[in-house]
Amino acid sequence: MGMTMTQKILAAHAGLPSTTTGQLISVNLDMVLGNDITAPVAIREFNKTGKEVFDKNKIALVMDHFTPNKDIKAAEQCKLVREFAGRHGIVNFFDVGEMGIEHALLPEKGLVVAGDAVIGADSHTCTYGALGAFSTGVGSTDMAAAMATGKVWLKVPPTIRFNLRGELKKYVSGKDVILHIIGMIGVDGALYQSMEFGGEGLASLTMDDRLCIANMAIEAGGKNGIFEVDDQTIEYIREHSDREFKVYTPDADADYARVIDLDLSQIKSTVSFPHLPENTKTIDEVGDIKIDQVVIGSCTNGRISDLRAAAEIMVGRKVAKNVRTIIFPATQKIYLQAMEEGLLKIFVEAGCAVSTPTCGPCLGGHCGILAEGERAVATTNRNFVGRMGHVKSEVYLASPEVAAASAIAGRIASPTDI
């Protein structure tokens, strides 16, 4: 029996000729990631070992969740990580002024390439599967062990294959694709499974689309999301990294737990209603829902293409008087590019607030917390109870196109409605 992409990458990093579903293996890692929330826990455990880090070039620490620091506790967390990075000579330490949202920053910096095996103490580490890497989220204790040994124990997951065909319509993006999929299979539809994407439709998805889709594999319960490597992927990797990479392709006779065919041309703008990502409706099913806040950004949709899409809709318009609209470019580079392209001017003239890169309101951190009864449209990846503030607030997940249109309309709206 042949192997899937994930099985091949894990086999190579375990020094094995092959792997099978359910097999327990020790995997050698190319990158270990932590942030200002998860890394302090890992560091405290790591310090108990008395060891040095396994490789100062293969650990990334990104201060992105509560930074610039929102309070004393956040400042102490970052100080702990900062001192650890200095003590161990961590090369890839990113603090205020250099940092970005981690899952946008690492691909941009070329720190992950095709064929890598990556873990991160953050559930959305699955983002890097867009580059043809195996990447998954782990707990802080696993991160601590990995910083010391460069290894992690994993169980080889079964794989769901998504065969893509067709092309997306105007104003429909990768965010709509993954919300459609989660709505179809549910938040546990891919529980501890690899979500492998390929097929002729792949060519119509930008790298930003793929990064968004892979990012939200965890919202379907996935262990990882992973995309076949094509010319777009290789071009992206070579543009951002000088590292060698390896392309793994699935075997024709690979054993899949399930195969799903998806026609991209049939997907509509999709909105996820409170309080689970699977609670989806197409834009024509939404109805009249007034909103109080719009957030455009995050590790899901804070890339330059997302900001361009939002700006195209907002240019020459004003956001509704009752709607607070906050824009979060995902990295400093994206912020600068958006400024040079005039996108930030469009946002400010439309009545938006533009923030430094930060996770901020996505996890109810800062820079946009919701009060009781308030509703937000967000391009983020989760809408659990209390995710962005009060337990009686509501979060509606959507694409940058729908979010921008909703900010203008003062209610959940399609770009064609304004």
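Since this is a predicted model, take the numbers as computed values, not measurements. (Residues numbered from 1 in each chain as written. Predicted model: local features only at pLDDT ≥ 70, side-chain atom pairs only at ≥ 80, totals over all residues. Heavy atoms only, no water.)

A. Here's a closer look at the overall build of the protein chain. When its secondary structure is counted, the protein chain shows 13 helices and 18 strands. At 20 Å, the protein chain has a C-alpha radius of gyration in line with the 22 Å of a compact globule built from 418 residues. Principal-axis analysis of the C-alpha atoms places the extent of the protein chain at approximately 60 × 50 × 40 Å. Going through the 418 residues of the protein chain one by one, you find that 60% of them count as buried. The long-range fraction of contacts in the protein chain, counting pairs at least 24 apart against all pairs at least 6 apart in sequence, stands at 77%. If you sum the accessible surface of the protein chain, you get close to 15,600 Å²; carbon and sulfur atoms cover 50% of it. Within the protein chain, one finds 41 positive and 51 negative side-chain charges whose respective centroids are separated by 4 Å. (Helix = DSSP H or I, 4+ residues; strand = E, 2+ residues; numbered from the N terminus. Rg over C-alpha atoms; globule rule 2.2 N^0.38 Å. Buried < 20%, exposed > 50% of the residue type's maximum accessible area, 1.4 Å probe, protein only. Contact = heavy atoms within 4.5 Å. Areas by Shrake-Rupley, 256 points an atom, 1.4 Å probe, with all protein chains shown as cover. Lys, Arg positive; Asp, Glu negative; His and termini not counted. Charge placed at Lys NZ, Arg CZ, Asp CG, Glu CD.)

B. Local environment of helix H6 (residues 174-185). Between its first and last C-alpha atoms H6 spans 17 Å; for twelve residues at 1.5 Å apiece the expected length is 16 Å, and the two agree. When you tally the buried positions in H6, you get nine out of twelve residues, the bulk of the element. Positive phi shows up at Gly186, right after H6, with a value of about 90 degrees. (Expected span 1.5 Å × (residues − 1).)

C. Seen up close, the pairing of strand S8 (residues 159-165). Where burial is concerned, most of S8 is hidden: five out of the seven residues are buried. Bridging between S8 and strand S9 (residues 194-198) involves five bridges; their strand directions are parallel. Following the sheet pairing, Phe162 is matched in S9 by Phe197. Pairing of S8 with strand S11 (residues 258-263) involves six bridges; the strand directions are parallel. Note that in S11 the partner of Asn163 across the bridge is Asp261. (Pairing = 2+ DSSP bridges.)

D. Geometry of the UniProt feature "binding site: [4Fe-4S] cluster" (unreviewed entry) in the protein chain. Per the UniProt annotation, the sites labelled "binding site: [4Fe-4S] cluster" (unreviewed entry) are Cys299, Cys359 and Cys362. On the basis of their most widely separated C-alpha atoms, the annotated residues across 64 residues gather in one place, lying no more than 9.4 Å apart. The topology assignment puts Cys299 in helix H9 (residues 298-301). Beyond its immediate stretch of four places on either side in the chain, Cys299 contacts Ile101, His103, His124, Asn215 and Asn381. (UniProt positions renumbered as here; feature names shortened; annotations may be inferred.)

E. Here's a closer look at the sheet that holds strand S2 (residues 31-35). Taken in spatial order, the five strands line up as S4-S3-S2-S5-S6 in an open sheet, and their pairing is parallel. Where the open sheet ends on each side, the last strands, each with one partner, are strand S4 (92-94) and strand S6 (134-137). Averaged over all neighbouring strand pairs, the angle between strand axes comes to 15 degrees, with direction disregarded. Taken together, the four bridges between strand S5 (residues 117-120) and S6 define a ladder with parallel strand orientation. What sits directly across from Val118, in S6, is Ser135. (Axes fitted to C-alpha atoms, helices over the stretch in contact; angles between N-to-C directions.)

F. Quick look at the nonpolar core. With 54 residues, the main nonpolar core has Leu106, Phe162, Ile181 and Met195 as its most contacted residues. With six residues, H6 is the single largest residue contributor to this core. Summarising the domain contributions, this core has at least three residues from each of domain 1 (5-264) and domain 2 (271-412). Those residues in contact with Phe162 that sit more than four places away from it in its chain are Ile181, Ile185, Met195, Glu196, Phe197, Gly198 and Ile260. Grouped together as the second largest cluster of nonpolar side chains are 40 residues, Leu307, Val319, Ile334 and Leu343 included. (Core = buried A, V, L, I, M, F, W, Y, C linked by side-chain atoms within 4.5 Å. Domains from an automatic or database assignment.)

G. Representation of the domain arrangement of the protein chain. Partitioning the protein chain into structural domains gives domain 1 (5-264) and domain 2 (271-412). For domain 1 versus domain 2, the distance between C-alpha centres works out to 24 Å. At the junction of the two partners, domain 1 supplies 37 residues and domain 2 supplies 37 residues. Of all residues in domain 1, Ile101, Lys175 and Leu179 bury the most surface against domain 2, accounting for 21% of the area lost on that side. At the boundary of domain 1 and domain 2, one finds 18 residue pairs in polar contact (both at pLDDT 80 or more). Contributing elements (two or more residues each) for the side of domain 1 that touches domain 2: helix H4 (102-108), H6 and helix H7 (207-215). Here the side of domain 1 that touches domain 2 gets five residues from one element, more than from any other, and that element is H6. (Buried area = accessible area lost by both parts, 1.4 Å probe. Polar contact = N/O pair within 3.5 Å; in protein donor to acceptor, adjacent residues only side chain to side chain.)

H. Quick look at the side chain of Asp209. Mapped onto the elements of the fold, Asp209 is located in helix H7. For the buried Asp209, no salt bridge is present, and the opposite-charge side chain at shortest range is Arg210, 7.1 Å distant. Residues contacting Asp209, with those up to four places away along its chain left out, are Leu168, Ser173, Gly174 and Ser204. (Salt bridge = Lys/Arg side-chain N within 4 Å of Asp/Glu carboxyl O.)

I. Quick look at unusual backbone geometry. Looking along the chain, the bond that leaves Thr67 and enters Pro68 is cis, with omega of -10 degrees. With respect to the helices and strands, Pro68 occurs in the loop between strand S3 (59-62) and helix H3 (72-88). Cis geometry is found at the peptide bond from Pro274 to His275, where omega equals 0 degrees. Looking at where His275 falls in the secondary structure, it is placed in the loop between strand S12 (270-272) and strand S13 (280-282). The phi dihedral of Ser298 falls on the positive side, at around 85 degrees, and the residue is not glycine. By relative accessible area, which is 6% here, Ser298 ends up buried.

J. Quick look at the pattern of salt bridges. For the structure on display, the rule yields 15 salt bridges. For Arg161, the salt bridge goes to Glu228, with nearest N and O atoms at 2.6 Å. Of this pair, Arg161 sits in strand S8 while Glu228 sits in the loop between strand S10 (224-227) and helix H8 (231-240), and the two are 67 residues apart along the sequence. With a relative accessible area of 22%, Glu228 lands in the partly exposed category. Across the pair Glu394 and Arg375 runs a salt bridge whose closest N-O atoms are separated by 3.0 Å. With Glu394 in strand S18 (residues 394-397) and Arg375 in strand S17 (residues 375-378), this residue pair connects regions lying 19 residues apart in the sequence. Residue classification places Glu394 among the partly exposed residues on the basis of a relative accessible area of 24%. We classify Arg375 as partly exposed; its relative accessible area is 29%. Members of the salt-bridge network, linked through shared partners, are Arg161, Glu196 and Glu228.

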